[in-house]
Amino acid sequence: MDETSGLKLLIAYSTVAQIGYLFLMFPLAAGAHPWAADAWSGGLMQLLAHAFAKAAMFLAAGLIAESIGHDRIADLGGIGRAMPVTMFAFGLGGLSLMGLPPRGGFAAKWLLLKAAVESGQWLWAVVMLAGGLLAGGYIYRVLAPALASGIAPLKAPAQRSCEAVALALALCAVLLGFMPPAFFELLQIGRAAAIGGLQ
């Protein structure tokens, strides 16, 4: 991406990588292996965490574009001070995508990594770790200028209700990391091996 790249475009491109994690569930969860349950739970947790985090980030990007008239990453200097709630929501969502604890993205990637290691499929584990580092890189690319000194001039203030929704979505992505064991048992509903075991 060049210097005129937009924030919404970057978020859209990152979706490709995050959806890739979801598809890792299928080779890891196949069969009645001991690690299959972790892979299934990890894949579904990834689906939920990604949905909340990415919704928060897209909403934050839209609020930024509406408030300053553009979403060029190179020109976001000081937006963190001008729109702290929006950028906080964006940052929380980004940290979940990176897979940092204690967020839902961490729980998802941990379960998928555990299944990959237990099944001996080290390549998938390396791919997931590399993906987390790449996510960290593009989130930093946004947060570094946004949190720079100064305050970006706003054409219009962000709607507080929309900022609250973005923050609530980001917090949902975080709270998924605190789900009790019973939640992961609930995620097993629909898994072929689990259904077979009940019959």
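Notes on the structure follow. (Residues numbered from 1 in each chain as written. Predicted model: local features only at pLDDT ≥ 70, side-chain atom pairs only at ≥ 80, totals over all residues. Heavy atoms only, no water.)

### Focus: the overall build of the chain
Note the cut-off: Where helices and strands are cited, they refer to DSSP runs of H or I of at least four residues and of E of at least two residues respectively, numbered from the N terminus. Note on method: radius of gyration uses C-alpha positions; expected globular size equals 2.2 Å times residues raised to 0.38. Only protein chains enter the accessibility calculation, which uses a 1.4 Å probe; a residue is then buried when its area is under 20% of its type maximum, exposed when over 50%, and partly exposed in between. Note that accessible areas follow from Shrake-Rupley with a 1.4 Å probe, and for residues the cover is restricted to the protein chains shown. Counting rule for charge: Lys and Arg are taken as positive, Asp and Glu as negative, and neither His nor the chain ends is counted. Think of each charge as sitting on NZ of Lys, CZ of Arg, CG of Asp or CD of Glu.
Of the regular secondary structure elements, the chain holds 9 helices and 0 strands. Counting helices and strands in the order they occur from the N terminus, the chain gives α-α-α-α-α-α-α-α-α. Relative to the compact-globule value of 16 Å for 199 residues, the chain shows a C-alpha radius of gyration of 18 Å, a close match. Overall, the C-alpha framework of the chain stretches about 60 × 35 × 20 Å when taken along its three principal axes. The buried share of the chain, reckoned over its 199 residues, is 46%. When the accessible surface of the chain is totalled, it reaches about 9,600 Å², and 73% of it is carbon and sulfur. When the 11 basic and 9 acidic side-chain charges of the chain are each reduced to a single mean position, those positions are 2 Å apart.

### Here's the deal with helix 1 (residues 7–29)
So the rule is basically this: Helices are assigned an expected span. That span is 1.5 Å times one less than the residue count. Residue contacts follow a heavy-atom distance rule, with two residues in contact if any of their heavy atoms lie within 4.5 Å.
In a regular helix each residue adds 1.5 Å, so 23 residues correspond to 33 Å; helix 1 covers 34 Å between its end C-alpha atoms and thus fits that length. Within helix 1, the full set of buried residues consists of Leu-7, Leu-10, Ile-11, Ser-14, Gln-18, Tyr-21, Leu-22, Leu-24, Met-25, Leu-28 and Ala-29. Elements in contact with the buried residues of helix 1: helix 2 (36–68), helix 4 (84–98), helix 5 (104–118) and helix 6 (122–146).

### Topic: the pattern of salt bridges
Note the cut-off: Salt-bridge detection follows one rule: a side-chain nitrogen of Lys or Arg within 4 Å of a carboxyl oxygen of Asp or Glu.
What the rule picks out here adds up to 3 salt bridges. A salt bridge links Lys-114 to Asp-38; the nearest nitrogen and oxygen atoms lie 3.3 Å apart. Of this pair, Lys-114 sits in helix 5 while Asp-38 sits in helix 2, and the two are 76 residues apart along the sequence. We classify Lys-114 as partly exposed; its relative accessible area is 35%. What makes Asp-38 buried here is its relative accessible area of 16%. Between Arg-160 and Glu-163 there is a salt bridge whose closest N-O contact spans 2.7 Å.

### Structural notes on unusual backbone geometry
A cis geometry characterises the amide bond from Pro-101 onward to Pro-102, with omega recorded as 5°. With respect to the element layout, Pro-102 can be found in the loop between helix 4 and helix 5.

### A word on the nonpolar core
The following threshold applies: Here, the term nonpolar core denotes a set of buried Ala, Val, Leu, Ile, Met, Phe, Trp, Tyr and Cys residues that are joined through side-chain atoms within 4.5 Å.
If you look at the biggest cluster of nonpolar residues, it comprises 28 residues, and the most contacted ones within it are Leu-7, Ile-64, Ile-79, Met-87, Phe-90 and Val-142. Counting only elements with at least two residues in this core, the list comes to helix 1, helix 2, helix 3 (79–82), helix 4 and helix 6. A total of 7 residues in this core trace back to one element, the largest contributor, which is helix 2. Among residues more than four places away in sequence, those in contact with Phe-90 are Leu-7, Ile-11, Met-57, Ala-60, Val-142 and Leu-143. Ranked by size, the runner-up nonpolar core spans 15 residues in total, among them Ala-39, Trp-40, Leu-113 and Ala-116.

### Points about a nonpolar patch on the surface
Counted only if it meets this: Only residues whose relative accessible area exceeds 30% and that form no salt bridge enter a patch; like-charged residues are grouped when within 9 Å of one another, and nonpolar side chains (Val, Leu, Ile, Met, Phe, Trp, Tyr) when within 5 Å.
On the surface, a cluster of nonpolar side chains totalling about 300 Å² of accessible area is made up of Leu-171, Leu-175 and Phe-178. Relative to the helices and strands, Leu-175 is located in helix 7 (residues 160–175).

### Side note on the packing of aromatic side chains
As a reminder, the rule being used: Aromatic rings from Phe, Tyr and Trp, taking only the six-membered ring of Trp, are treated as a pair when their centres fall within 6.5 Å; an angle between ring planes under 30 degrees marks them as stacked, one over 60 as edge-to-face, and anything in between as tilted.
Enumeration according to the criterion identifies 2 aromatic pairs in this entry. Geometrically, the ring pair formed by Phe-106 and Trp-110 is stacked, given 6.2 Å between the ring centres and 25° between the ring planes. Taken together, the residues span about one helical turn, with Phe-106 and Trp-110 both in helix 5 at a distance of 4 residues. Phe-106 sits in the partly exposed class, given a relative accessible area of 30%.

Don't take any of this as a statement about function, it's just geometry.
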